[in-house]
Number of protein chains: 2
Amino acid sequence: MKEHDLIKTIIPYFKQGPDIVTGPGDDCAVIDVGTEKLMLAAVDQIAGGIHYIEDCDGIDKAAAKLLKRNLSDIAAMGGVPSYALVTVSATLSDADSLLFFKALAAEAEKYGVSICGGDICASAKGASVFTLSILGWVEKAKLCLRSTAKPGDLIYVTGCFGNSFKSRHHLNFIPRLEEAQFLAGNFTHAMIDVSDGLLADLGHMLELSKLGAILDTSRIRLRAGATLESALGEGEDYELIFAVAPHRAAELEKSWPFPTELSRIGSFSEEFQGLAYDSSGINLCEKIRGGFDHFDS
Amino acid sequence: MKEHDLIKTIIPYFKQGPDIVTGPGDDCAVIDVGTEKLMLAAVDQIAGGIHYIEDCDGIDKAAAKLLKRNLSDIAAMGGVPSYALVTVSATLSDADSLLFFKALAAEAEKYGVSICGGDICASAKGASVFTLSILGWVEKAKLCLRSTAKPGDLIYVTGCFGNSFKSRHHLNFIPRLEEAQFLAGNFTHAMIDVSDGLLADLGHMLELSKLGAILDTSRIRLRAGATLESALGEGEDYELIFAVAPHRAAELEKSWPFPTELSRIGSFSEEFQGLAYDSSGINLCEKIRGGFDHFDS
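Being a predicted model, the structure only gives us computed values, none of them experimental.

What counts as what
Residues numbered from 1 in each chain as written. Chains lettered and ligands numbered in written order. Predicted model: local features only at pLDDT ≥ 70, side-chain atom pairs only at ≥ 80, totals over all residues. Heavy atoms only, no water. Salt bridge = Lys/Arg side-chain N within 4 Å of Asp/Glu carboxyl O. Buried < 20%, exposed > 50% of the residue type's maximum accessible area, 1.4 Å probe, protein only. Pairing = 2+ DSSP bridges. Helix = DSSP H or I, 4+ residues; strand = E, 2+ residues; numbered from the N terminus. Axes fitted to C-alpha atoms, helices over the stretch in contact; angles between N-to-C directions. Contact = heavy atoms within 4.5 Å. 1 Å grid on protein atoms, 1.4 Å probe; cavity = no way out; pocket = protein on both sides within 12 Å on 5 of 7 lines; lining within 4 Å. Points joined across faces, edges and corners; volume = space filled by probe spheres on them. Nonpolar A, V, L, I, M, F, W, Y, C, P; charged D, E, K, R; others polar.

Trainee: Can you walk me through the pattern of salt bridges in this structure?
Mentor: Oppositely charged side chains may form a pair once their charged atoms are brought near each other. Summed over the entire model, instances satisfying the criterion amount to 26 salt bridges over all chains. For Glu251 of chain A, the salt bridge is made with Arg248 of chain A, and the minimal N-O distance between the two is 3.3 Å. We classify Glu251 of chain A as partly exposed; its relative accessible area is 44%. Residue Arg69 of chain B pairs with Asp44 of chain B through a salt bridge whose shortest N-O separation is 3.5 Å.

Trainee: Mind showing me how you'd approach the sheet that holds strand 2 (residues 29-31) of chain A here?
Mentor: Across a sheet, paired strands are connected by hydrogen bonds in the backbone, their directions being either parallel or antiparallel. Residue and element names in this part refer to chain A. The strand order across the open sheet built from six strands is 1-2-3-6-4-5, with neighbouring strands paired in mixed fashion. Where the open sheet ends on each side, the last strands, each with one partner, are strand 1 (20-22) and strand 5 (114-121). Taking each pair of neighbouring strands and ignoring which way they run, the sheet shows an average axis angle of 25°. The strands that helix 2 (residues 59-76) touches are strand 3 (38-47), strand 4 (80-89) and strand 6 (129-138); relative to strand 3, the one it contacts most, it runs at about 145°. Running over the sheet, helix 3 (residues 94-110) touches strand 4, strand 5 and strand 6 and is turned about 170° from strand 4.

Trainee: What is the right way to read empty space enclosed by the protein from this model?
Mentor: Where empty space is left can be seen by rolling a probe of water-molecule size over the atoms. By the definition in use, this model includes two cavities of 30 Å³ or more. Around the largest cavity sit Tyr83, Ala84, Leu85, Cys116, Ser133, Ile134 and Leu135 of chain A together with Leu85, Ser133, Ile134 and Leu135 of chain B, which together line it. Taken together, the residues of the lining of the largest cavity break down into nine nonpolar, two polar and no charged. As for the second largest cavity, its lining consists of Ser89, Ala122, Ser123, Ala124 and Lys125 of chain A together with Ala47, Gly48, Ala127, Ser128 and Val129 of chain B. Its residues placed into classes, the lining of the second largest cavity shows five nonpolar, four polar and one charged.

Right under this line is the structure:
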C-alpha cells in the first residue's frame, strides 16, 4: 500500500477527542486548548539515504532541514511556531552529534522555537532517523486548511518548483512563514505546503475540498535546471499553494511585499473532483503519476 | 560519549522561551500556555532490535509499548495524557502496518489519548524506528519534578523491579497513571519513572535535587526471576520512584488504595550528593555501573 493510501486506511481507527478541531490529514493537527489562539501540532522526520545523503549533505544541513520542514507545515496553517521535541536514532560520532544539535539549536533560535525535550537512542542497523514534533499557535481567524478551497478560487503559489534535490534547495530553503502570515486570514483560508510535489499536494487540497483544478502550466516558475515534469512531480519545494477569491487577486498582486515570487497558476473548479487538468485538456495527474512514483516514500 | 553525558552537553545550546517552565532534563517539558493547567510534552521512541525483538515480540505489542512508555513519563510529572503524534520509519508489510496502527489506536482510546497526527516514511537500511510525542496536562499544585526531593524525604517505589526483558514486563506493563494521580501534589512533589533502571533514574533525581540516597536494598521487591543486580540496573520497569516527607509516610501506607505494591526503600540525604549507598556503606552506583553498562543505549 502507498503511504497516502495507508494513511487514509488508518485514520478512521484514531478516535479524536472533542478538543481536536482538525485531526490527521492536514499539515498540522489543530487543538482547542481553551486559549484565544488554537494550538497547532505536527511531526516530521528525515531518514539518512532518503531525505539527505549521509556522506555528502552534512549533518548540520540535515538538522536545519528537519526543523524547517516542520516550520513549513506550521506556515501552511497560517501559524507561528513555538515549541519542539526532537528524537535521534542513529550511531553518530560525538563530533557529528554535537554538530547536529548545535545546528538544530541555532536554527531553532533563529525562528523563536524552544526545543524543550527529546530522546536519543542507538540505531540497530546503522540507520539514521531523526524526528521533530512542532507545536505552534494560530489566530482563529487566520486558520488555513486544505479542505476550504472554493470553486472559482484562483490557485496561487509562492516561489519556484522542481530540481530541488540536485540544486540542494531541499536543504537550503527558507520556510514561507512570513509570506503565510501575510496571506492567512486575509487573502486566503485554504493553503498547503509543497513537500510531496506540486501536483500531489494540490491533489490533497482537491480531495479534501472536493474540487478539481485547471492549471496553466506555463505560469509555473521552474527552478534552475528543472523541467515541468520535475516541477509538478518531484517535491521538497517547501513552497505554498493557496486559494484566493477572484475579486481579491488584483489587491494581492499589488500589495505583495516580498521578493519571493508569486504566481497565479490556475483555478479550482467543481468539475473532475480530485483531478488537475492543464488548459489543453490533459489530465496532469495521469501524466505525472506514471513518471514520478519513485519519489513516493 | 554516553547518552546521558551527551544530553548534559547539548542542553545548554537550546534556548528556552519564557513560557517553558521546565525544559529538557525531566520526564516531560512543562509549558505554561496560559491555561489553568500546565501543558506537559515528551517524546520517546522504540527501535527494532533495541526496545523490542522484531521476530518475536509482535508489532502490536511494540505499538502499545511505544504509547505506554510516554504515558509513564506523563504519570511521573503528576499529569494526565491528552494528545499524541506518531512517526514510523520502517519497511513494514501492509498487514504489519495495519496491526501496528490498530493496536496503537486501541491503546490510545483506552487511555483517552487523541492521536491527532503523524508521519510515515520508508527505512533506508531495514531498520524500524517508531516515535511518539505525547502532550498532557497537569494541575499546577500537582506538578512533580526530579529536582524537588528534600533531605530526609523517604524514598518510595511502586511495584517490582528487574528481569523486565525476559519476563516481557517491558511490553506488558501498565503505566502508573492512577497511582501517580493519587500521589501527586498530596504525598509527593518529586517523582520519576524507571526506564533506564532503578539506580540510574534515582541517580537523575539525586543529581537534580542535589542529594544522596541511602537504600535498604532488602526492601526492593524483585520481579519473578530477578536478582538484586538486575532490579537495580536493568531498567524498563516503568514504576515510579517518589519522595515522601517522613510525617506523611504512615498516612500514605494506610490510605494506599491500589493492588500495586508500595515499598519504602530508603531516604534522601544531604551527604554524598548524586550517589546511592546501601545500609552497610557500599556505593551502589559503583557496584552496578560496572555490571550494567551494556544496558545504556
